[in-house]
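Here is how the chains run, residue by residue.
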Amino acid sequence: MFINGEWVQAQSGKTREIMNPANGQIIAVAAEGDVVDAQNAIEVARQAFDSGVWSDLSPAARASFLFKVADKLEERAEEIAHLETLDNGKPLRETRFDVADAAACFRYYAGLVTKPDGQTYHVADPMQAMVVREPVGVCGLIVPWNYPLLMGVWKIAPALAAGNTIVFKPSEVTPVTSIKLFEILQEVGIPKGVANLVMGPGATVGNELAENVNVDKISFTGGTATGRSIMKAATSNIKKISLELGGKSPNIVFADADFETAVDYALFAIYANQGQVCAAGSRLLLEESIHDRFLERLAERAQHIRVGPGTDPQTEMGPLISQAHMEKVLSYVEIGKQEGARLVCGGNRLQDGGLDQGFFMEPTIFADTTPDMRIVQEEIFGPFLAVQKFKDEADAIRLANHTVYGLAGGVFTSDGAKAMRVIKKLRAGITWVNCYHPTYNEAPWGGYKQSGIGRGLGTFGFDEFTEVKQININLQVEPIGWFEK
Ligand code: NDP
């Protein structure tokens, strides 16, 4: 772990073996911290913040550190992408993209922090009113295992750019690339205590970050149930909170859509990163008249997806993150059958051809679903697609919004006006027309309803790591004369 500018073991001496989900081999042994380690890291982050060693630097000075981090991520891109593939399982073509995106995210926030900011207000003379943004303070950042590096960078880059100090907790199963990132933060010379890395379980380390009164802000990405518990813990000192939680996002295909484009994106929407994506298009809504033909083509293509170790350049879909998670996803195959849905393709663990030690699963599609089935309502977080049939535009909108989540959604149609009508009715924070998944450092990321609170990325994501201060200046310095004597 990296605390106060030094690499340290957990105080308890505990460690955790890190497994490659493609073959079950141990690739690393990581320190496993607990509450005491988290408290130490929070204390030094508090001192570092209060000292002004980082927040008092000019924005340009902070930016220069962040630009260097981006450069070093790019220099070490191949090494870090390989490590991410070994740790998380996803194919190299995805982890290369993640590392490039992480570097771009540092550059984006390094650039943003020196741009014009704040507001002035025209109020009654002789007053001048203005608003400035200031860092929130000590930020606890907690991320999951599905994009270990990238989810971290989405928080670390804006938090540091804004002048905060941080305590970062990766998922205990995927700490490897976080360690590389903190090596880089050390190399570029970020002052001691500003950026701290604590590994360990969510129930102890994560909960301490959410509860500790010396943490001013908690920013979390992960499951909705965990988000709920973090909200409760964060009441201790009324922390500012940002939550990016789960989803069950609808991908709506109208009969007038470009057929092959829609099929292609429907696959990408659910099977990228093995479906372990919060914004995955895990519900495919098909207009009645194309339903059967679309499903046939989709299943044909899904069965051709090359599943294997992420290190194999031929691989298009890797293993799930762990045995327990694979079993959870597979259990939904049984649930779907019991609920009376039709298994169109997939549904099995893959073990042939040297895959038996890993956690591989076939791309799976269920059709003939009803809106209240568990496979339609619950976030499965795997290569598992639930197909729904709709009659018309109103029906599509009703089905799409029939969920407690509201993270993302896509619409495929050649009718531009219809696309906009549907998008405007979708209760979701991230939407796409005639595509699915593109994500930009410049644009806000986050959800409606139980998909979260606040937004990451873009200027919105920066603002989440700032407080707003109103400043009122009297331009005529004389007594107000409210009281006579
Ligand atoms: P979790 O929400 O359990 O974990 C995300 C992060 O939160 C991890 O670092 C975890 O620690 C930490 N954490 C766990 N419990 C607490 C707690 N009480 N207080 C503070 N931090 C905590 O997600 P999982 O990784 O276990 O995945 C579970 C489900 O969450 C998935 O099946 C999926 O539905 C959803 N998910 C959604 C994601 C999204 O981007 N929206 C991403 C990943 C998962 P640790 O795991 O190290 O113990």
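Quick look at the structure, then.

Here is what the cut-offs are and how they apply
- In this numbering scheme, every chain counts its residues from 1 along its sequence in written order.
- Predicted model: local features are reported for residues with pLDDT of at least 70 only, side-chain atom pairs are reported and counted for 80 or more only, and whole-chain, interface and lining totals are derived from all residues.
- The side-chain numbers reported here are obtained from all heavy atoms of the structure, hydrogens and water having been left aside.
- Neighbouring residues are identified by heavy atoms, a residue being near a molecule or strand if any of them is within 4 Å of it.
- Pairs of N or O atoms within 3.5 Å make up the polar contacts considered here, provided that, within protein, one atom can donate a hydrogen while the other can accept it, and that residues adjacent in sequence are counted only when both atoms are side-chain atoms.
- For accessible areas, the Shrake-Rupley method is used with a probe of radius 1.4 Å. Any residue's cover is judged against the shown protein chains and nothing else.
- Side-chain classes follow a simple rule in which Ala, Val, Leu, Ile, Met, Phe, Trp, Tyr, Cys and Pro form the nonpolar group, Asp, Glu, Lys and Arg form the charged group, and the remainder, Gly included, forms the polar group.
- To pair, rings of Phe, Tyr and Trp, with the six-membered ring standing in for Trp, must have centres within 6.5 Å; the planes then decide the type, stacked if under 30 degrees apart, edge-to-face if over 60, and tilted in the middle.
- With a 1.4 Å probe rolled over the protein chains alone, any residue whose accessible area is under 20% of its type maximum counts as buried; one over 50% counts as exposed, and the rest are partly exposed.
- Under the DSSP-based scheme used, a helix requires at least four consecutive residues in state H or I and a strand at least two consecutive residues in state E, with every element numbered from the N terminus.
- For this analysis, residues touch if any pair of their heavy atoms sits within 4.5 Å.
- The rule for a salt bridge is simple: a side-chain nitrogen of Lys or Arg has to be within 4 Å of a carboxyl oxygen of Asp or Glu.
- The criterion for strand pairing is that DSSP finds at least two bridges linking the strands in question.
- Crossovers are described as right-handed under a simple rule: with the strands pointing away from the observer, the path leading from the first strand over the helix to the second runs clockwise.
- Given a helix with a known number of residues, its expected span is that number minus one, times 1.5 Å.

### Structural notes on the site of the ligand
Now for step 1: Taken together, 29 residues form the shell around the ligand, and within it Trp145, Glu172, Thr226, Leu245 and Glu379 come nearest.
Now for step 2: The backbone of Leu245 places a nitrogen or oxygen atom 2.7 Å from a nitrogen atom of the ligand.
Now for step 3: Relative to its unbound accessible area of 860 Å², the ligand is 84% covered by the protein chains.
Now for step 4: Each residue belonging to the shell around the ligand can be placed in one class, and the counts come to 11 nonpolar, 13 polar and 5 charged.

### Here we look at the packing of aromatic side chains
For any pair of aromatic rings, the description rests on two quantities: the centre-to-centre distance and the angle between the ring planes.
Now for step 1: Taken as a whole and assessed by the stated rule, the structure comprises 14 aromatic pairs.
Now for step 2: Residues Tyr108 and Tyr109 carry aromatic rings whose centres are separated by 4.9 Å and whose planes lie at 80° to one another, so their mutual orientation is edge-to-face.
Now for step 3: The buried category is assigned to Tyr108, whose relative accessible area is 18%.
Now for step 4: For Tyr109, a relative accessible area of 0% translates into the label buried.
Now for step 5: Ring geometry for Tyr109 and Phe462: centres 6.4 Å apart, planes at 20°, overall stacked. Of this pair, Tyr109 sits in helix H4 (residues 92–112) while Phe462 sits in helix H15 (residues 458–463), and the two are 353 residues apart along the sequence.
Now for step 6: For Phe462, a relative accessible area of 10% corresponds to the buried category.
Now for step 7: Taken together through their ring pairs, the aromatic side chains of Phe2, Trp7, Phe168 and Phe182 make up a single cluster.

### Some thoughts on the environment of Val113
Now for step 1: Along the chain, Val113 falls in the loop between H4 and strand S5 (119–121).
Now for step 2: For the pair Val113 and Ser58, spaced 55 residues apart in the sequence, the C-alpha separation amounts to 9.6 Å.
Now for step 3: Beyond its immediate sequence surroundings of up to four residues, Val113 is in contact with Pro59, Arg62, Ala63, Ala161 and Phe462.

### Some thoughts on the pattern of salt bridges
Now for step 1: One pass over the full model with this rule turns up 29 salt bridges.
Now for step 2: Its salt-bridge partner being Arg16, residue Glu32 comes within 3.6 Å of it at the nearest N-O pair. In this pair, Glu32 is assigned in the loop between strand S4 (26–31) and helix H1 (35–51) and Arg16 in strand S3 (residues 15–19), connecting sequence segments 16 residues apart.
Now for step 3: For Arg16, a relative accessible area of 27% corresponds to the partly exposed category.
Now for step 4: The closest approach of N and O atoms between Glu467 and Lys240, which form a salt bridge, is 3.7 Å. Of this pair, Glu467 sits in strand S22 (residues 466–474) while Lys240 sits in strand S11 (residues 240–244), and the two are 227 residues apart along the sequence.
Now for step 5: Each of the salt bridges in this network shares a partner with another, and the network as a whole consists of Lys72, Arg76, Glu79, Lys180, Glu183 and Glu187.

### Concerning the pairing of strand S8 (residues 165–169)
Now for step 1: Buried residues dominate S8, accounting for 5 of its 5 residues.
Now for step 2: Of the two faces of S8, the one lined by Thr165, Val167 and Lys169 and the one lined by Ile166 and Phe168 are each fully buried.
Now for step 3: The pairing of strand S7 (residues 138–142) with S8 spans 5 bridges and is classified as parallel. Bridge pairing in S8 places Leu141 opposite Phe168.
Now for step 4: Crossover connection from S7 via helix H5 (residues 148–161) to parallel S8: handedness right-handed.
Now for step 5: Both S8 and strand S9 (residues 195–197) contribute to a ladder of 3 bridges, which runs parallel. Pairing of Ile166 across the sheet is with Ala195, part of S9.
Now for step 6: In the classification by handedness, the crossover that spans S8, the intervening helix H6 (residues 176–187) and the parallel S9 is right-handed.

### Some words on the environment of Val194
Now for step 1: Here Val194 is to be found in the loop between H6 and S9.
Now for step 2: On the basis of relative accessible area, Val194 is assigned to the buried category, the value being 0%.
Now for step 3: For the pair Val194 and Ser55, spaced 139 residues apart in the sequence, the C-alpha separation amounts to 9.5 Å.
Now for step 4: Ignoring sequence-local partners within four residues, the contact set of Val194 consists of Ala48, Val53, Trp54, Leu160, Asn164, Thr165 and Ile166.

### Quick word on H4
Now for step 1: Taking 1.5 Å of rise per residue, the 21 residues of H4 would be expected to cover 30 Å, and the 30 Å separating its terminal C-alpha atoms lies within 8% of that figure.
Now for step 2: Counting buried positions along H4 gives 15 out of 21 residues, so the element sits mostly inside the fold.

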